[in-house]
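The primary structure of each chain is shown beneath.
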Amino acid sequence: MQSTDFANGKVWQNIIAQSIPLILAQLAQLLYNVVDRIYIGHLPGADSMALTGIGLVFPLTTLVAAFTFLFGTGGTPLFSIARGAGKEGRAEKILGNTFSLLLGTSLMLFLFCYILRRPILYLFGASDDSYLYADAYLKIYLLGTSFTMLSTGLNGFINAQGFPRIGMLTTLLGAVLNLILDPVFIFGLNMGVSGAALATILSQLVSCVWVFTFLTGKKAPLCIKKENLRPDWRLAREIMTLGLSGFIMQGTNCLVQVVCNATLKIYGGDLYVGIMTVINSAREILSLPVNGITSGAQPVLGYNYGARAYDKVRQGIRFTAVLGIIYTLLAWLLVFLSPHLLLSIFTEDTAMIEAGVGALRLYFFGFFFMAFQFTGQSAFTALGYSRHAIFFSLLRKAMIVAPLTILLPRFGLGVNGVFLAEPVSNAIGGLACFITMYLVLYRKLKTGKT
């Protein structure tokens, strides 16, 4: 299988060629957790409490994703730029160091989260009833921390070398296995939420083995090599600096999830914590295509930026923005017209569905503004503008959503204030990110003074 040469062909075709397999791969990755929620939401006799328990685990799984992004999304753009500039030795060293950083951090995260899981879950808004479900899932799920971080964090290096189909298979294999094992463990062996977690980590193990085999084999032009595994702290700092925006984006997602769950526990109880679990699941699904498009554009933008083909970089940014806006408008329309359908995928609880309709529509109001955030964030990250990417990651979540989530319910809005905080942050943060990207990056690409 030959890799894609990003210097040839039309930019939009290269982006689509990268994005479609990447979207499928991300969909497969998403199925690890979403399928668990779907099965758990339909557990006999559990009502909405099992789903609420899984919602309490979200912040910790997001924390794991944050550290994965710190190294994965930091190393991949540097790798693409080095490859585009013809510096293959540096590119392989980036790959090797990223592997070591992912592995070491995953082991530390496992120990920290496993030992402290009880006080952490209660801090996140658990009640005595919901804790039983949350703990049963989390104590098994954490055993697969290294598998999750390595497979997800290293998969970008497969895509960055022009092998998006191989990258897709990395997660597709695990996702299919998860689909098969979930009903067997959850219902067939009567393991409930523990069975969902076990199915997930076994599937992640398969994905991890696949990506590691490819990146140490003969098909990959640039491979993981033993001599590159020893951490180069100067290079590690470059990786983490560029990946800090992705880390902060996921880390602030973790913060927002904690704040949302704790606030909803006060104003709405366990029912609304469960509704937020469903809404988060719907958001992950509906955000996936635009996230895949912008992620698929990154290696194309980075390669052409390293090769000083600035016109192609501008074309890529324009195409990504337009396609993202069109998609998010259609997704917004879907939520407005079919909220009952989306909710019923995850639960049969009538009370949760009825209460969730208004919350879902409010949360997704103005969803298309997310396209501006994704486009600006992707361009900054792909071209190495780490400070800008970091700032706008912080702005939307830490500076807007989290404070509004706490304040709006106190001004008479109750639980609606929690759900309203998201569209407000999308509009302010998304537009601010995109306009800044246009002024400080896009316009300068025309003159080559970046």
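Look above for the structure.
Residues numbered from 1 in each chain as written. Predicted model: local features only at pLDDT ≥ 70, side-chain atom pairs only at ≥ 80, totals over all residues. Heavy atoms only, no water.

Caption draft 1: Region of interest: the overall build of the chain. Counting secondary structure elements, the chain contains 16 helices and zero strands. Principal-axis analysis of the C-alpha atoms gives the chain an extent of 60 × 45 × 35 Å. Per-residue burial over the chain gives 59% buried out of 450 residues. Counting only contacts in the chain whose residues sit at least 6 apart along the sequence, the fraction spanning at least 24 positions is 83%. Roughly 17800 Å² of accessible area belongs to the chain as shown, and the carbon and sulfur atoms make up 66% of that amount. Side chains of the chain carry 32 positive and 19 negative charges; the gap between the two charge centres is 16 Å. (Helix = DSSP H or I, 4+ residues; strand = E, 2+ residues; numbered from the N terminus. Buried < 20%, exposed > 50% of the residue type's maximum accessible area, 1.4 Å probe, protein only. Contact = heavy atoms within 4.5 Å. Areas by Shrake-Rupley, 256 points an atom, 1.4 Å probe, with all protein chains shown as cover. Lys, Arg positive; Asp, Glu negative; His and termini not counted. Charge placed at Lys NZ, Arg CZ, Asp CG, Glu CD.)

Caption draft 2: The arrangement of the packing of helix H14 (residues 369–382) against helix H15 (residues 386–407) in detail. Contact geometry of H14 with H15 gives a least axis separation of 8 Å together with a crossing angle of 155°. As far as their axial angle goes, H15 and H14 are roughly antiparallel. Regarding H14 and H15, the two cross each other, and that crossing is left-handed. Side by side, H14 and H15 meet where Met370, Gln373, Gln377, Phe380 and Thr381 of the first sit next to His388, Ala389, Phe392, Ser393 and Arg396 of the second. Partitioning the contact of H14 with H15 into residue classes produces four nonpolar, five polar and one charged. (Axes fitted to C-alpha atoms, helices over the stretch in contact; angles between N-to-C directions. Parallel < 35°, antiparallel > 145°, perpendicular 65-115°, else oblique. Left-handed = near helix turned anticlockwise from the far one by under 90°. Nonpolar A, V, L, I, M, F, W, Y, C, P; charged D, E, K, R; others polar.)

Caption draft 3: Quick look at the nonpolar core. Counting residues in each nonpolar core, the largest one holds 66 residues, and the members touching the most others are Tyr137, Ile279, Phe364 and Phe419. By residue number, the principal contributor to this core is helix H10 (residues 270–306), which donates eleven residues. In this structure, Ala82, Leu150, Leu154 and Val211 belong to the second largest nonpolar core, which totals 33 residues. (Core = buried A, V, L, I, M, F, W, Y, C linked by side-chain atoms within 4.5 Å.)

Caption draft 4: Local environment of the packing of aromatic side chains. Within this structure, the stated rule accounts for 19 aromatic pairs. On the numbers, 5.2 Å between centres and 85° between planes, the contact of phenylalanine 79 with phenylalanine 157 is edge-to-face. One end of the pair, phenylalanine 79, is in helix H2 (residues 49–84); the other, phenylalanine 157, is in helix H6 (residues 145–160), with 78 residues separating them in the sequence. Residue phenylalanine 79 shares its accessibility class with phenylalanine 157, and that shared class is buried. Taking 5.0 Å as the distance between ring centres and 80° as the angle between the ring planes, the aromatic pair formed by phenylalanine 391 and phenylalanine 392 counts as edge-to-face. One aromatic cluster in this structure is built from Trp332, Phe365, Phe368, Phe369, Phe372 and Phe434. The ring of tyrosine 131 has arginine 118 sitting right over it, with the charged end atom 4.9 Å from the ring centre. The ring of tyrosine 442 carries the charged tip of arginine 314 above its face, separated from the ring centre by 4.2 Å. (Phe/Tyr/Trp six-rings, centres within 6.5 Å; stacked < 30°, edge-to-face > 60°. Lys NZ or Arg CZ within 6 Å of the ring centre and 35° of its normal.)

Caption draft 5: Looking closely at a nonpolar patch on the surface. There is a patch of nonpolar side chains on the surface, built from Leu111, Phe112, Ile115 and Leu116 and spanning about 400 Å² of accessible area. Mapped onto the fold, isoleucine 115 is located in helix H3 (residues 88–115). Classification of isoleucine 115 by relative accessible area gives exposed; the value is 64%. (Patch = residues over 30% accessible without salt bridge, like charges linked within 9 Å, V, L, I, M, F, W, Y side chains within 5 Å. Salt bridge = Lys/Arg side-chain N within 4 Å of Asp/Glu carboxyl O.)

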